Number of protein chains: 6
Amino acid sequence: MNETAIIPDPPPDLLQCVAQALEEDLGAGDLTAQLVANAPVSARIITREEAVLSGRPYAEAAFRRLDPAARFDWTASDGDRVRAGQTLCTIHASARSLLSAERTALNFLQTLSATATQTAHYVGTVAGTGCIVLDTRKTLPGLRLAQKYAVRCGGGSNHRLGLYDGILIKENHIAAAGSIAAAVAAARDLAASVKVEVEVESLEELRHALDAGADIVMLDDFSLEELRTAVTLNRGHPHSTRLEASGGISLDTIRAIAETGVDFVSVGSITKHVRAIDLSMRFEG
Amino acid sequence: MNETAIIPDPPPDLLQCVAQALEEDLGAGDLTAQLVANAPVSARIITREEAVLSGRPYAEAAFRRLDPAARFDWTASDGDRVRAGQTLCTIHASARSLLSAERTALNFLQTLSATATQTAHYVGTVAGTGCIVLDTRKTLPGLRLAQKYAVRCGGGSNHRLGLYDGILIKENHIAAAGSIAAAVAAARDLAASVKVEVEVESLEELRHALDAGADIVMLDDFSLEELRTAVTLNRGHPHSTRLEASGGISLDTIRAIAETGVDFVSVGSITKHVRAIDLSMRFEG
Amino acid sequence: MNETAIIPDPPPDLLQCVAQALEEDLGAGDLTAQLVANAPVSARIITREEAVLSGRPYAEAAFRRLDPAARFDWTASDGDRVRAGQTLCTIHASARSLLSAERTALNFLQTLSATATQTAHYVGTVAGTGCIVLDTRKTLPGLRLAQKYAVRCGGGSNHRLGLYDGILIKENHIAAAGSIAAAVAAARDLAASVKVEVEVESLEELRHALDAGADIVMLDDFSLEELRTAVTLNRGHPHSTRLEASGGISLDTIRAIAETGVDFVSVGSITKHVRAIDLSMRFEG
Amino acid sequence: MNETAIIPDPPPDLLQCVAQALEEDLGAGDLTAQLVANAPVSARIITREEAVLSGRPYAEAAFRRLDPAARFDWTASDGDRVRAGQTLCTIHASARSLLSAERTALNFLQTLSATATQTAHYVGTVAGTGCIVLDTRKTLPGLRLAQKYAVRCGGGSNHRLGLYDGILIKENHIAAAGSIAAAVAAARDLAASVKVEVEVESLEELRHALDAGADIVMLDDFSLEELRTAVTLNRGHPHSTRLEASGGISLDTIRAIAETGVDFVSVGSITKHVRAIDLSMRFEG
Amino acid sequence: MNETAIIPDPPPDLLQCVAQALEEDLGAGDLTAQLVANAPVSARIITREEAVLSGRPYAEAAFRRLDPAARFDWTASDGDRVRAGQTLCTIHASARSLLSAERTALNFLQTLSATATQTAHYVGTVAGTGCIVLDTRKTLPGLRLAQKYAVRCGGGSNHRLGLYDGILIKENHIAAAGSIAAAVAAARDLAASVKVEVEVESLEELRHALDAGADIVMLDDFSLEELRTAVTLNRGHPHSTRLEASGGISLDTIRAIAETGVDFVSVGSITKHVRAIDLSMRFEG
Amino acid sequence: MNETAIIPDPPPDLLQCVAQALEEDLGAGDLTAQLVANAPVSARIITREEAVLSGRPYAEAAFRRLDPAARFDWTASDGDRVRAGQTLCTIHASARSLLSAERTALNFLQTLSATATQTAHYVGTVAGTGCIVLDTRKTLPGLRLAQKYAVRCGGGSNHRLGLYDGILIKENHIAAAGSIAAAVAAARDLAASVKVEVEVESLEELRHALDAGADIVMLDDFSLEELRTAVTLNRGHPHSTRLEASGGISLDTIRAIAETGVDFVSVGSITKHVRAIDLSMRFEG
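With that out of the way, let us pick up the side chain of A:Thr136. Residues and elements named next belong to chain A. Among the structural elements, Thr136 can be located in the loop between strand E6 (132-134) and helix H4 (144-153). Within the structure, the side chain of Thr136 is placed 3.0 Å from the backbone nitrogen of Lys138, a separation counted as a polar contact. When near neighbours in sequence (up to four residues on either side) are disregarded, Thr136 contacts Lys148, Ser266, Val267, Gly268 and Thr271.

Attention now goes to the packing of helix H1 (residues 14-26) of chain F against helix H3 (residues 95-125) of chain F. Residues and elements named next belong to chain F. The interhelical angle for the contact between H1 and H3, taken along N-to-C directions, is 130°, at an axis separation of 9 Å. Relative to H3, the element H1 lies oblique. For the pair H1 and H3, the crossing hand works out as right-handed. Where H1 abuts H3, its residues Cys17, Val18, Ala21, Leu22, Asp25 and Leu26 lie against Ser100, Ala101, Arg103, Thr104 and Phe108. For the contact of H1 with H3, the class distribution of residues is 7 nonpolar, 2 polar and 2 charged.

Residues and elements named next belong to chain B. Contact geometry of helix H7 (residues 203-211) with helix H8 (residues 224-235) gives a least axis separation of 10 Å together with a crossing angle of 25°. The angle between H7 and H8 falls in the class roughly parallel. In this structure, H7 crosses over H8, and the sense of that crossing is right-handed. Of the residues in H8, those in contact with Leu203, Leu206, Arg207 and Leu210 of H7 are Glu226, Thr229, Ala230, Leu233 and Asn234.

What follows is about unusual backbone geometry. Of note in this structure, B:Asp221 is not a glycine but carries a positive phi near 55°. Within the fold, B:Asp221 resides in the loop between strand E9 (216-220) and H8.

Between chain B and chain F, which share one sequence, the superposing operator has a rotation angle of 120° and an axial displacement of 0.0 Å; the RMSD is 0.0 Å. Considering both components of the superposition, the chain copies are consistent with a three-fold axis.

It is worth spelling out the pattern of salt bridges at this point. Scanning the entire structure with this criterion turns up 79 salt bridges over all chains. Note that A:Asp9 is salt-bridged to E:Arg96, the shortest N-O span being 2.4 Å. Taken as a pair, A:Asp9 in the segment before helix H1 (14-26) and E:Arg96 in helix H3 (residues 95-125) lie in two separate chains rather than in one. For A:Asp9, a relative accessible area of 30% gives the class partly exposed. Residue classification places E:Arg96 among the buried positions, given a relative accessible area of 13%. Two residues, E:Lys195 and D:Asp215, come together in a salt bridge whose shortest N-O distance is 3.8 Å. Separated into two different chains, E:Lys195 in the loop between helix H6 (180-190) and strand E8 (196-200) and D:Asp215 in the loop between helix H7 (203-211) and strand E9 (216-220) make up a pair that spans both.

With that settled, the discussion passes to the interface of chain C and chain D. Listed per partner, the contact involves 58 residues of chain C and 58 residues of chain D. Both sides together, the interface formed by chain C and chain D hides about 4800 Å², and carbon and sulfur atoms give 59% of it. Taken together, chain C and chain D are joined by 4 salt bridges. Note that D:Arg137 and C:Asp25 form a salt bridge whose closest N and O atoms lie 2.7 Å from each other. Only helix H1 (14-26), helix H3 (95-125), helix H4 (144-153), strand E7 (167-169), helix H5 (171-177) and helix H6 (180-190) of chain C provide two or more residues apiece to the side of chain C that touches chain D. By residue number, the principal contributor to the side of chain C that touches chain D is H3(C), which donates 7 residues. Split by residue class, the side of chain C that touches chain D holds 29 nonpolar, 17 polar and 12 charged.

It is worth spelling out the packing of aromatic side chains at this point. Here the structure, examined in full by the defined rule, presents 21 aromatic pairs over all chains. Ring centres of B:Tyr58 and B:Tyr149 lie 6.3 Å apart, and the angle between their planes is 55°; this geometry places the pair in the tilted category. Of this pair, B:Tyr58 sits in helix H2 (residues 56-66) while B:Tyr149 is found in helix H4 (residues 144-153), placing the two residues 91 residues apart along the sequence. An aromatic cluster of at least three residues, connected via ring pairs, comprises A:Tyr58, A:Phe108 and A:Tyr149.

Moving on, we come to the relation of the copies chain C and chain D. Of the transformation superimposing chain C on chain D, the axial component is 0.0 Å and the angular component is 180°, with the fit at an RMSD of 0.0 Å. Here the two chains are linked by the operation of a two-fold rotation axis. Looking at the rotation axis and the C-alpha trace of chain C, the residue lying nearest is C:Val274, at 2.4 Å. The overlap is high: 100% of the interface residues of chain C also sit at the interface in chain D, so the same surface is used on both sides.

For the rest of this paragraph, the subject is the pairing of strand E10 (residues 242-246) of chain C. Residues and elements named next belong to chain C. Of all 5 residues in E10, 4 are buried, a share of seventy percent or more. Where strand E9 (residues 216-220) lies against E10, 5 bridges are found, and the strand directions are parallel. Within E10, the residue paired with Leu219 across the bridge is Ala245. Read from E9 through helix H8 (residues 224-235) to E10, the crossover connection turns out right-handed. Of the pairings in the sheet, the one linking E10 to strand E11 (residues 264-266) comprises 3 bridges and is parallel in character. Its bridge partner lying in E11, Ser246 is registered against Ser266.

This part takes up the pairing of strand E1 (residues 40-47) of chain F. All names here are of chain F. Of the strand pairs in this sheet, E1 and strand E5 (residues 87-94) are connected by 7 bridges, and their pairing is antiparallel. Its bridge partner lying in E5, Ile45 is registered against Cys89. Taken together, the 5 bridges between E1 and strand E12 (residues 279-283) define a ladder with antiparallel strand orientation. Looking at the pairing, Ile45 lines up with Met281 of E12.

Right, let's talk about the interface of chain B and chain F for a bit. Listed by partner, the interface residues are 5 residues for chain B and 8 residues for chain F. The largest share of the area that chain B buries against chain F comes from B:Ala28, B:Gln34 and B:Arg96, three residues that together contribute 82% of it. Inspection of the chain B/chain F interface yields 2 residue pairs in polar contact (both at pLDDT 80 or more). Of the residues in the side of chain B that touches chain F, the class split is 1 nonpolar, 3 polar and 1 charged.

Here we take up the environment of E:Ala181. Mapped onto the secondary structure, E:Ala181 falls in helix H6. It is 9.3 Å that separates the C-alpha atoms of E:Ala181 and E:Leu210, two residues lying 29 residues apart in sequence.

This next bit is on the confidence of the model for chain A. Residues and elements named next belong to chain A. The predicted model of chain A averages 94 in pLDDT, with 98% of residues at 70 or higher. Low pLDDT (under 50) marks residues 1-5, which in the prediction has 10 contacts with non-local residues, meaning those over four places away or in another chain. With pTM at 0.95, the complex prediction returns an ipTM value of 0.96.

A few words now on the sheet that holds strand E10 (residues 242-246) of chain B. Residue and element names in this part refer to chain B. The parallel open sheet is built from 6 strands, whose spatial order is E6-E11-E10-E9-E8-E7. Looking at which strands have only one partner, the edges of the open sheet turn out to be strand E6 (132-134) and strand E7 (167-169). Neighbour-to-neighbour, the strand axes of the sheet open up by a mean angle of 25°, direction not taken into account. Two strands pair when backbone bridges link them, and E6 and strand E11 (residues 264-266) are joined in this way by 3 bridges, in the parallel orientation. Bridging across to E11, Val133 finds its partner in Val265.

What counts as what
- Residues numbered from 1 in each chain as written.
- Chains lettered and ligands numbered in written order.
- Predicted model: local features only at pLDDT ≥ 70, side-chain atom pairs only at ≥ 80, totals over all residues.
- Heavy atoms only, no water.
- Helix = DSSP H or I, 4+ residues; strand = E, 2+ residues; numbered from the N terminus.
- Polar contact = N/O pair within 3.5 Å; in protein donor to acceptor, adjacent residues only side chain to side chain.
- Contact = heavy atoms within 4.5 Å.
- Axes fitted to C-alpha atoms, helices over the stretch in contact; angles between N-to-C directions.
- Parallel < 35°, antiparallel > 145°, perpendicular 65-115°, else oblique.
- Left-handed = near helix turned anticlockwise from the far one by under 90°.
- Nonpolar A, V, L, I, M, F, W, Y, C, P; charged D, E, K, R; others polar.
- Least-squares fit on C-alpha atoms with pLDDT ≥ 70 in both.
- Salt bridge = Lys/Arg side-chain N within 4 Å of Asp/Glu carboxyl O.
- Buried < 20%, exposed > 50% of the residue type's maximum accessible area, 1.4 Å probe, protein only.
- Buried area = accessible area lost by both parts, 1.4 Å probe.
- Phe/Tyr/Trp six-rings, centres within 6.5 Å; stacked < 30°, edge-to-face > 60°.
- Pairing = 2+ DSSP bridges.
- Right-handed = clockwise from strand over helix to strand, strands pointing away.
- pLDDT = per-residue confidence, 0-100.

Shown next, in the form of structure tokens:
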């Protein structure tokens, strides 16, 4: 659920993403749609279950690609919670464009709303703790930015988008550089304007990361006890920074983790698992 | 599980699919990998849970794109059942290519193996009935052919790939044509070498579809009782054909449906839902 | 000629096809058109010979790409027979767009109308026999779907579009599988919703193909006598199916072949040979 | 026929051209080829009729795209005359790549050899006159450069490739500029290093074009008598230049035209019409 | 400065060029612009220094790509001289599109106006001599046609655009062919409608090039004395043609070179060096 | 100069960048290169002036694209200072590939080495101050990442690559948000893992930015006096951070600015201006 936040801008690869999905469905052309006269008609998209909506601009782009004059009356915005049975949208377009783009549009809506809905569950579970739910790079191939958008529709926040817009120093990089301090220094050299995060597996490594001036520290698979100690340690450190809990986090464990006082929890399952929302399209009249 | 079947050819869009997924992760370049010397190293891909493997050629393509000399020692083929803790593959490649392609390769493996594994559950559940498990067009946008490949790794069979390689006549088309017979005739005119399937919602419609000489008939949301009657009706009809059960099929219901004698059951959930397989990559030495 | 049939939808790759053809002509820009003021003008496309028209949406797309406001008044639809000297279209557009797109537009019209016209000759020659004229995969590289569209404008029907939407079992596949029955069974496994055609070279092979339940049988280079026997054999067979005559068919031989009672004749020459229709564009006023 | 000339370089868009043709045939994958084990095999390409060969690099690229290790033993080079029944090439490649690329490779060879063969007929007919056979921009959409290559294989020479590499001033441009002299002057301003050709319809216009210093003059639809006068007029003019005869030239008329002493004849029919050469591929052993 | 000339057409790759530049700046999306409400606003593009304007259609395309409804009020055309402090354009568009496209639009304007301005300096310096300033192929990678357009905005003329639209015979080609005469003859064979230029390094080579009938001769690094002799030699030769001076030409030397009577001077520095014009964009109100 | 630093990885768009530049030069093919036999030859790239080298992988990619077997012997690495007259590389490749790729390869080398060389001048000028030279987004359209790579070859460091990998809050964003504090808070919400930089125009705004916890503060057009005060103010602030001086910085002014103690100076002129390095290629033997 995303009650107060601004609806985020959809990503710049939206049109390309939709074109490609449509192309893989249409291929050499929709054989069956040619059985129907291409008159203007209306259809409604209905959700059969409660969800947080995400994917409106994707669905619109799919229909508009086949009928630039398609018009849409939505009853909800991306980020809104919708109820089972709700008509999400009434579409006015040519009959063949509706038939040919239907599946592509629904596939985007059911997949992205799944991510938004799942994110909202996690966000709701930590409500009041001040802890922020982050996504990861464990995403569906080709849908990285679309899913990152859906996470924000669900009230989550985005971790780095890819390997290019953030530095995350792990065990191998530390070994290569010789020490956490050396790795952080090398990273600063590489990209002065990018945040440097260090993944640590013990309180001692956390101390080294703070000494090195890391911008964020990821606490990997820490116990609740260790997380609490880490939060205390960080608050008392001269280079105090932000802490992120990570590793096997589920709806059952996230609340307790958030209550330790960490700034972020990153959750792979909101983007790597998908339980598609059940949607359908029905022609009117 | 896919014990006797031939491993299917991966789809022709494999390289493009992998290039795009890699590009969305790499963007302007992997900042962190540059901290590590680019020496030849080895790493292992390990599964943390039992699964049916799918995605080998995708994973290989991801690493090879960054290091054309990468070598792979696999312990399992696509379609094989693998056990928790198993090393699936040992990779020998340059350190930076391993770091930079790791997430993309794992994202393909965890997503496609999820589809193969789930398909194998359904296929196993109907074992011995002779009924074939089909997929649908409810897929992850951009991954249609990859998921269709994974379905075959899991022992399922592919329904039409898109709107272009099969005709599926539904309510709207029948209404437009005036009758099932008229719709089937028009479809034959359109594409002489493509199968014509008719979706029916009653036994009477089934009879009309058989009279019209449909190549397949989809029985939408039929009760078990109705399915049994449909099978009998079809066997006695001069234009007897193949029957497909469809609509809200789950692991709980599929066995009974298969036992009615239908030829196919089509299952949307094997491709629209994803429970990613838990995989990791570890550097050696 | 295509009097009663619906005008088929142009293929989804139309815009890409036109963009590419325009690009190969325009390259770094039309040098000569810059000598002319870019005022709105009119021009007419005229045919110098009788033909069946095909390519209207291609021609329009070429002009519209350079002048989105171009308007067209056509005197004929795709699929219509036009007479020598007929003005096919009056175009209102900017002078430079007319000059720069002229050749590309005419190249599409003269090539696709050639295919439609030739197809119509074959279709006319078998009129009344109930036999359907099919195309093949012997097409101009890059113009497969455009030519398949033109075939339908000419009253023909489309065989499979490519290697992906139909299975055609030939000698090599039969040898690999061990028998026609084994090959057909393997094909059914591969793609449950795709038609399986078997190419046979003798009446005995035809019998095997029928026994195996082939969806279509292609009779390769059968004599008229053999074709007649094949038709009789098929009618009496429990798995009676559709028969296609193939191999070296010309305008001289097609009528006799059609009269043997086969369902289809496939003709390579309608797409592999081109006798471009003679068209020109003239500026008005 | 192209006995003494260097074999021209194939055009830079070769790989893209082949990739696209292969893609339109392969689509979502070659279903039938999967019935065959993917062992290394050999096959021969045979021509059933006499021809001038063109398209070798296209055919090779098609097979190599599916099997980078494919090897080729050719008995003829592009530009060579081949006899009916000749084995043009023996190919060693994986069985599936041979089956899947066969049609695409043959489609290129049969289309481009058609153009080369037809060009060679025209070139042979004017042998000894010193007159050069030129192509035009009346080409198959998407195959401009491939056909221009085939024309050179057939012993012809290339007119401008498109609108960007030459200026051809016609009636409309002259009207816009006010006079031939003004049009030529404006053209020189536009592109100092590009040849300026003027199309004329009378001897008086020819004189104006020579006065203006045109680099080439195209004589449109001149009678033989007029052509002879034009040649004489040009020889005596202080800005004597090269003359091109154009308009409705056929194998019956080209010899007499060439004997008038014009430098070039341009022939649309060698690229706009196609009589595909009859080729086939046979597996060995 | 370009007072009387027609504004040239922008090159056909304009949209692709702009899309790519925008994409490299926008990547996964403009993070900062999302802080601003997306209301319609106005902004002005101002030049801080005197210049010859070039790049208007590029700047417009950048803004229009993000806001198709963007409107522009320009105070100058491409090719116009503008003064320091001048408002070049007032743009009305959505706030986010202005922020997101600003840098891309300015990068085009500052780079192309630099080329136009520098060209105009050279053109102004040779004013009255009748000598034409040509560009070269020493351009910024990816911006060849854009810079060639800017050269024309600055009053210069374009040498060949690339390797495909003109032949320039140099030392290596002459060595390969055996003589200048042989090289020119071979070149004429290759492409009958393309100009053949020969680069010579001595008066003797000039004589050979004229004897061979070269369309242009490039005089490489000739002294003023040699240039004068070359001009005289050319005027007296039966195949008198156009002469181009080339090699290390600067603003200091070009006037004297032009006064020798050569037809062209080609100047690499107008496209290979860039002194970006200082522009800025300011929001109004 | 780049003596101690690691040579940075070239950006992922290298191949695409080179392909495009080659394509704009080659177009429909290199006409002149066909005059030369395609034998293996050697050539040397020589610099006529002192420079810092950048662009090796670009040059190699250009030659390799036309001759995959091309080999290179370099005497210097990217980032090395080279002297006038130095042979940078000896290339062994086919004659035509050398001729056809020469200009594209040199255009990359001369442009990128220009950026590296100019960057090294700035870096050398601030040597010993600890101040880091940053680039900006004022780059040549299409060459953003290539120039960012060249900056690092020259010893500079990269500011954000585009609008997607860093947040830079300017006047308009502050106005929209209501205050610096509000703008920074909104930015943190947008992208938790991205650095937030604030551009300030006064010491008071600097204080607000520090209070808001900005990750970097850009001091726009501050006098030396103001810069010194800003550095002192920052050191004493509880949220002390890094300071960047920006605006009209030249080789004359940068040393004094660096000595004020700011962490970074960003310099637009190293990427927006280009004084191409004078390079040439000579064939051997």
